[in-house]
Every structure is written in structure tokens, then in C-alpha cells.
Amino acid sequence: MDNSSGQKKFATIKDYILSQVETAAWPEHSRIPSENELATQFAVSRMTARRALQELTEQGVLYRTQGVGSFVASPKSQSSLLEIRNIADEIQRRGHFHKAELVQLTSLPCPGVVATALGLSRNAPVFFSLIVHYENQQPLQLEARYVNPEQVPDYLAQDFVLQTPHEYLSAVAPLTDAEHIVEAVLPDELTRQHLKIPASEPCLRLTRRTFSRGGAVSFAYLTSAGSRYRLGGHLTIHPKT
């Protein structure tokens, strides 16, 4: 089997498994076909089948029990760290309902760390939005976003119940670069209140700075309850030639 053929069959196996999971043909915690069964079904080597199972396990779609097999993981909300995606699209892609609650939309004096991130003067005006994103009526993520008024002057005039800040910013200041920091944190009082979680609930906080051709556009803290959310991604390494 040449490399391109192997890649295609590997992708076919992954797509097949994802389709079975996403359509609930294979429900949560159900055992999926073994490496041998998949290898036979798709006429590939066990190594190819094993690789597909391993990557889906790393991405949180499956979990493996030694000596028993691979099973469908709990459908905890998952986002990709390596891609900038709209949370509303992610939720809807899972077949669930997204709702946004706008808590605050205002202009305020720019805090020091935000000023550094956005290239503004400390205490200069900066736009700020605070939004709770819901998945099927359960609060999923608290989005605290600072936006550079020089890059997006009409930000405060938008209705972020009807569209997410990501959708709007992608349209008016198309993304060219992004930076991420991921941290495990305990929730502060504001986060506990809006995500409806106890003080002991660990949270996943993604700090994200985005850029367009004109410079830094936004600096955001995206905080999610650890029991409801996960970040995943897949990175393809191309060997040197």
C-alpha cells in the first residue's frame, strides 16, 4: 500500500467512526469494533486501524480500556485549540441549541494587561463585552472580551444575542493570527455566578489574542466549567525531505 492510499483509508476509518458517534448509531460508552475488525472491514493493516483509534482517543471521541477495547466517550463539549471556531457553530454542529446571554457591553478604561495586549495606552477607552454562552439551556462558557476601538469602531452597536462576537469580528476584521494560553483555574465569584458552578469546580480558561492586518483586534478570556468542556486538536507533522 502506498502512503497516499494508506492516508485515504486512515481518513475513511476516522470519518466512519465519527459518523457513527455523531448520529448516535454508537451511543455513549458502547464498544466499537476492534482494530482487527476495522482492519478487515476496510482492508487495511492493523497499524492503520490502530492509528485511527489512537487519534480519536487523543481527541476525546473514544476512550480505551486495556484488554477490553475502545468505547464511545461521554459527549462533553469539545473545542479545537488549533482552530479559531465560532462557539455557536460548534454547539449547533453537535445537534444542540446555542443561546447567548449578554451581561455587559460597554466602553471602559483599559486595564494594564489589556493595554499591553492590544497596543493601547493604559486607561484609554477599550470596548468590553461579557457574554454567557449556553448549550441546551446549560451555561457552558463565560466570554469576557476586550476589543480595540481603533480596529472595530462599531463594536458597541452590535446585537450579540443574534450573533457572536466571533462572527462579527470575522466579518469586519478578518483573522490573520491568534495566540492562546490555556490554564486550569478555580472560578472567581463572577464566573461561579454565571456558569452556576460551585467554588470547588475546576475551570478551563483560554486566553486568546487575535490579530487582523491592521493589528491586534481583541483580547478575550474564555472560561468554561471543567466538567462540561474540553479542548482538543490534531496536528499533522510533515517529515523533512
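Every value quoted in this text rests on a predicted model; they were computed, and no experiment measured them.

Scoring rules and cut-offs
- Residues numbered from 1 in each chain as written.
- Predicted model: local features only at pLDDT ≥ 70, side-chain atom pairs only at ≥ 80, totals over all residues.
- Heavy atoms only, no water.
- Patch = residues over 30% accessible without salt bridge, like charges linked within 9 Å, V, L, I, M, F, W, Y side chains within 5 Å.
- Areas by Shrake-Rupley, 256 points an atom, 1.4 Å probe, with all protein chains shown as cover.
- Salt bridge = Lys/Arg side-chain N within 4 Å of Asp/Glu carboxyl O.
- Helix = DSSP H or I, 4+ residues; strand = E, 2+ residues; numbered from the N terminus.
- Axes fitted to C-alpha atoms, helices over the stretch in contact; angles between N-to-C directions.
- Left-handed = near helix turned anticlockwise from the far one by under 90°.
- Contact = heavy atoms within 4.5 Å.
- Nonpolar A, V, L, I, M, F, W, Y, C, P; charged D, E, K, R; others polar.
- Buried < 20%, exposed > 50% of the residue type's maximum accessible area, 1.4 Å probe, protein only.
- Pairing = 2+ DSSP bridges.
- Polar contact = N/O pair within 3.5 Å; in protein donor to acceptor, adjacent residues only side chain to side chain.
- pLDDT = per-residue confidence, 0-100.
- Phe/Tyr/Trp six-rings, centres within 6.5 Å; stacked < 30°, edge-to-face > 60°.

Enquirer: Just to check I follow, could you spell out a nonpolar patch on the surface for this structure?
Expert: Nonpolar side chains collect at one region of the surface, where Leu102, Val161 and Leu162 lie side by side and expose about 290 Å² of accessible area between them. Tracing the sequence through the fold places valine 161 in the loop between strand S6 (138-147) and helix H6 (165-172).

Enquirer: Looking at this structure, I do not really get the packing of helix H2 (residues 35-42) against helix H3 (residues 46-58). What am I missing?
Expert: The description of two packed helices rests on the angle between their axes and on the distance between the axes. H3 packs onto H2 with a crossing angle of 115° between their chain directions and a minimal axis gap of 8 Å. Judged by the sense of rotation from one axis to the other, the crossing of H2 with H3 is right-handed. From H2, Glu35, Asn36, Leu38 and Ala39 reach across to H3, where they touch Arg46, Ala49, Arg50 and Leu53. Tallied by class, residues from the contact of H2 with H3 come to four nonpolar, one polar and three charged.

Enquirer: Which parts of the structure should I look at to understand the pairing of strand S5 (residues 125-135)?
Expert: The side chains of a regular strand alternate between the sheet's two faces. Taking burial as the measure, the 11 residues of S5 include 10 buried ones, the bulk of the element. Here strand S4 (residues 98-109) runs beside S5; their pairing, made up of 11 bridges, is antiparallel. The residue of S5 that forms the bridge with leucine 108 is valine 126. Pairing of S5 with S6, which is carried by nine bridges, proceeds in the antiparallel orientation. Its bridge partner being in S6, serine 129 is matched across the sheet by arginine 145.

Enquirer: Would you explain the pairing of strand S2 (residues 69-72) in this entry?
Expert: Sheet topology places strand S1 (residues 62-65) next to S2; four bridges connect them, and they run antiparallel. Bridging across to S2, arginine 64 finds its partner in serine 70. Between S1 and S2, which pair antiparallel in sequence order, lie three residues; one of them, glycine 67, sits at a positive phi of approximately 80°.

Enquirer: Before we go on, may I ask you to explain the sheet that holds S6 in this structure?
Expert: Pairing between the strands of a sheet comes from backbone hydrogen bonds, and it takes one of two forms, parallel or antiparallel. If you trace the six strands from one edge of the open sheet to the other, you get S4-S5-S6-S9-S8-S7, paired in antiparallel fashion. If you trace the sheet from one side to the other, it starts and ends with S4 and strand S7 (177-185), each paired once. Mean inter-strand twist for the sheet, computed between neighbouring axes without regard to direction, equals 15°. Pairing of strand S8 (residues 203-212) with strand S9 (residues 215-225), which is carried by 10 bridges, proceeds in the antiparallel orientation. Counted as the bridge partner of cysteine 203 is alanine 225 from S9. Against the sheet, H6 contacts S5, S6 and S9, and its axis sits at roughly 35° relative to S6.

Enquirer: Which parts of the structure should I look at to understand the side chain of serine 129?
Expert: With respect to the helices and strands, serine 129 occurs in strand S5. For serine 129, a relative accessible area of 0% gives the class buried. One polar contact links serine 129 to tyrosine 155, side chain to side chain, over a distance of 2.7 Å. Beyond its immediate stretch of four places on either side in the chain, serine 129 contacts Gln104, Leu105, Glu143, Ala144, Arg145, Tyr155 and Pro165.

Enquirer: Could you clarify how one ought to interpret the confidence of the model for the protein chain in this entry?
Expert: Should the pLDDT be low somewhere, the predicted coordinates at that spot are not to be read in detail. Summary statistics for the protein chain give a mean pLDDT of 86 and a share of 87% for residues scoring 70 or more. Note on residues 234-238: pLDDT is under 50 here. Beyond four places in sequence and across chains, it has four contacts.

Enquirer: How do you make sense of the packing of aromatic side chains when you look at a structure like this?
Expert: Two aromatic rings are characterised by how far apart their centres lie and by the angle between their planes. Within the structure shown, the criterion is met by eight aromatic pairs. Considering the side-chain rings of tyrosine 63 and phenylalanine 71, the 5.5 Å spacing of their centres and the 20° angle between planes classify their relative orientation as stacked. Given a relative accessible area of 31%, tyrosine 63 falls into the partly exposed group. Under the relative-accessibility criterion, phenylalanine 71 is labelled buried at 12%. Through a chain of ring-to-ring contacts, three or more aromatic side chains come together here, namely Tyr16, Trp26 and Phe42.

Enquirer: Help me understand the environment of alanine 124 in this model?
Expert: Among the structural elements, alanine 124 can be located in the loop between helix H5 (112-118) and S5. When the C-alpha atoms of alanine 124 and proline 109 are compared, they prove to be 5.4 Å apart, with 15 residues separating the residues in sequence.

Enquirer: Mind showing me how you'd approach the pattern of salt bridges here?
Expert: Close approach of charged atoms allows side chains of opposite charge to pair. Counted according to the given criterion, the structure contains eight salt bridges. One salt bridge in this structure joins arginine 209 and glutamate 179, with 2.8 Å as the shortest N-O distance. Here arginine 209 is found in strand S8, whereas its partner glutamate 179 is found in strand S7, with 30 residues between them in sequence. Judged by its relative accessible area of 21%, arginine 209 is partly exposed.

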